There are 2 protein chains.
Amino acid sequence: MFLPRRFAELSAQFASLPGIGPKAADRLVFYLLDQPDDQVQALAESLVAAKREIAFCRRCGNFAQGDLCEVCRDTSRDVKLLCVVEEIRDLAAIEKTGAYRGLYHVLHGRIDPISRVGPAELQLERLAERISRDQVGEVIIATNPNFNGDITAMYIAKLLAGLPQVRVTRIATGIPKGSDLEFADIFTLTQALEKRTDVQV
Amino acid sequence: MFLPRRFAELSAQFASLPGIGPKAADRLVFYLLDQPDDQVQALAESLVAAKREIAFCRRCGNFAQGDLCEVCRDTSRDVKLLCVVEEIRDLAAIEKTGAYRGLYHVLHGRIDPISRVGPAELQLERLAERISRDQVGEVIIATNPNFNGDITAMYIAKLLAGLPQVRVTRIATGIPKGSDLEFADIFTLTQALEKRTDVQV
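Here the structure is a predicted model, which means the values were calculated and not measured.

**Student:** I keep staring at the relation of the copies chain A and chain B and nothing clicks. Help me out?
**Tutor:** Mapping one chain copy onto the other needs a rotation about an axis and a shift along that axis. Once turned by 179° and shifted 0.1 Å along the axis, chain A lies on chain B with an RMSD of 0.1 Å. Taken together, the turn and the small shift mark the pair as related by a two-fold rotation axis. For chain A, the smallest separation between a C-alpha atom and the rotation axis is recorded for Ala44(A), amounting to 2.2 Å.

**Student:** Explain the sheet that holds strand β4 (residues 102–106) of chain A to me, please; I cannot follow it from the model alone.
**Tutor:** By definition, the strands of a sheet pair up through backbone hydrogen bonds, in either a parallel or an antiparallel sense. All names here are of chain A. If you trace the 4 strands from one edge of the open sheet to the other, you get β4-β3-β5-β6, paired in parallel fashion. For this open sheet the edge positions go to β4 and β6 (167–170), each flanked by a neighbour on one side alone. Taking each pair of neighbouring strands and ignoring which way they run, the sheet shows an average axis angle of 25°.

**Student:** Any chance you could explain the pairing of β6(A) here in plain terms?
**Tutor:** Consecutive side chains of a regular strand alternate in pointing toward one face of the sheet and then the other. Residue and element names in this part refer to chain A. As defined by bridge partners, strand β5 (residues 138–141) adjoins β6 across 4 bridges and the pair is classed as parallel. Opposite Ile 141, over in β6, you have Arg 170 as the bridge partner. For the crossover from β5 across helix α7 (residues 147–161) to β6, the handedness is right-handed.

**Student:** So what exactly am I meant to see when it comes to helix α2 (residues 22–33) of chain B here?
**Tutor:** It helps to recall that an α-helix has 3.6 residues per turn; residues three or four apart then point in one direction. The end-to-end C-alpha distance of α2(B) is 17 Å, a good match for the 16 Å that 12 residues give at a rise of 1.5 Å each. Taken residue by residue, α2(B) has Ala25(B), Asp26(B), Leu28(B) and Val29(B) as its buried positions. Seen end-on, α2(B) carries its buried residues on one side only, within an arc spanning 155°. Residues of α2(B) that are buried make contact with α3 (37–53) of chain A together with α1 (5–15) of chain B.

**Student:** Explain the interface of chain A and chain B here, please?
**Tutor:** By convention, interface size is frequently given as the accessible area that disappears when the constituent parts associate. Taken together, the contact between chain A and chain B spans 43 residues of the former and 43 residues of the latter. Mapped onto the side of chain A that touches chain B, the elements with two or more residues apiece are α1 (5–15), α2 (22–33), α3, β2 (63–65), α4 (70–73) and α5 (88–97) of chain A. For the side of chain A that touches chain B, the element with the most residues is α3(A), which contributes 13 residues.

**Student:** Any chance you could explain the packing of α3(A) against helix α3 (residues 37–53) of chain B here in plain terms?
**Tutor:** Axes are the key here: two packed helices are described by the angle between their axes and the distance separating the axes. At their nearest, the axes of α3(A) and α3(B) sit 9 Å apart, and the two run at 170° to each other. Classified by the interaxial angle, the pair formed by α3(A) and α3(B) is roughly antiparallel. Packed against α3(A), whose contacting residues are Asp37(A), Val40(A), Gln41(A), Leu43(A), Ala44(A), Leu47(A), Val48(A) and Lys51(A), the element α3(B) presents Asp37(B), Val40(B), Gln41(B), Leu43(B), Ala44(B), Leu47(B), Val48(B) and Lys51(B) at the interface. Considering only residue class, the contact of α3(A) with α3(B) consists of 10 nonpolar, 2 polar and 4 charged.

**Student:** How should I be thinking about unusual backbone geometry in this particular structure?
**Tutor:** The phi angle of most residues is negative, glycine excepted, and most peptide bonds adopt the trans form. Residue and element names in this part refer to chain B. Phi at Gln 123 takes a positive value of approximately 55°, unusual for a residue other than glycine. For Gln 123, the location among the structural elements is in the loop between β4 (102–106) and α6 (124–133). The partly exposed category is assigned to Gln 123, around which 18 C-beta atoms lie within 10 Å. At Gln 135, a position not held by glycine, the phi torsion is positive, near 50°. In this fold, Gln 135 is placed in the loop between α6 and β5 (138–141).

**Student:** Please explain the environment of Ile114(A) as it appears in this structure.
**Tutor:** Residues and elements named next belong to chain A. Secondary-structure assignment places Ile 114 in the loop between β4 and α6 (124–133). In this structure Ile 114 comes out as exposed when scored by C-beta crowding, with 7 C-beta atoms within 10 Å. Ile 114 sits 36 residues away from Asp 150 along the chain, and the two C-alpha atoms are 14 Å apart.

**Student:** What should I look at first to understand the pairing of strand β3 (residues 78–85) of chain B in this one?
**Tutor:** All names here are of chain B. Note: β3 against β4, 5 bridges, orientation parallel. Counterpart to Asp 78 in the pairing with β4 is Gly 102. With helix α5 (residues 88–97) bridging β3 and its parallel neighbour β4, the resulting β-α-β unit is right-handed. Two elements, β3 and β5, share 4 bridges in a ladder whose sense is parallel. When the sheet's bridge partners are listed, Val 84 is paired in β5 with Ile 141.

About the criteria used
- Residues numbered from 1 in each chain as written.
- Chains lettered and ligands numbered in written order.
- Predicted model: local features only at pLDDT ≥ 70, side-chain atom pairs only at ≥ 80, totals over all residues.
- Least-squares fit on C-alpha atoms with pLDDT ≥ 70 in both.
- Pairing = 2+ DSSP bridges.
- Helix = DSSP H or I, 4+ residues; strand = E, 2+ residues; numbered from the N terminus.
- Axes fitted to C-alpha atoms, helices over the stretch in contact; angles between N-to-C directions.
- Right-handed = clockwise from strand over helix to strand, strands pointing away.
- Expected span 1.5 Å × (residues − 1).
- Buried ≥ 20, exposed ≤ 12 C-beta atoms within 10 Å, placed from the backbone.
- Arc of directions from axis to C-beta.
- Contact = placed C-beta atoms within 7 Å.
- Parallel < 35°, antiparallel > 145°, perpendicular 65-115°, else oblique.
- Nonpolar A, V, L, I, M, F, W, Y, C, P; charged D, E, K, R; others polar.

Right, dumping it as structure tokens:
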């Protein structure tokens, strides 16, 4: 080896992160060694601070600094509307649309029979509690439209069927906007036909 | 914003690194928040330690922990053979061939008339001193074969012409191994014709 041990150490740590290969990792170390001390120090401090200060929101499971997340702290949000997602990255995707003004419930997982993940691991009692306490009017289930997401949605729908006056919905599946019918897979196209909607004129 | 300030802060710092866009930066933060505390702590410590402990080799300008780099400390290396490169990443490229057993001299730059970088900024007195002191027999100039690299090579060759008994060479330019003539640019092909060599049989 022609580079110092510390170089190889840091490069290996970068290379263990998702989307960073060994060459990109080396390039990052080359770059950082060329930066001022305080910039590297700031990155190290941000890493430790983020890890120390960010936890899960006590109410919805989103990332939060402090007790409640930014979404739950926002008093302009509709507390009677809940959206159930598998992961925080799904919440992030929905927030980026700007089209949703309710609150969230992050499962941090999904029912997955192959990996032996059952409903007990998904904070579902907390979901039922929230619905009763906050008198939630609608729960939108936004689990992924695949096998595990579908059975998770079905489980939650059955669980909530016992609660009166709460409407349970699922985000629509169908042909993505801007795409071509000829490229849609048969499952998506079948769903799009089955879930056809009346044309408003 | 629906994510904590610390999240955005760390993501922005990742996004300022080469080859990491805003989406990849967010994905890195999501990933790291999901890892054990001590793994994130270790990454932060490696960053600070690398920056603190790695400096330039006093002799050749490579990265070094301590006074001399791994190459200069290697007593099996030929001290009478020097290779001049622009940057440490060029040294890394040559080391990876495994075909070179001499020492290096890293310029940390190149003569660049447009950016007003002259020979005074390139540690060239140190190069001349080394050649005299270590009785170097050959200096291989491995600056890049582009405009700035060419004038840097020419300058160094003239500077060393005053020193007796040192052979000054330049790495060959030509058609890359494994490539096709039809895809070579005209400058490379012209050089390859001019610098043709006798076929050994």
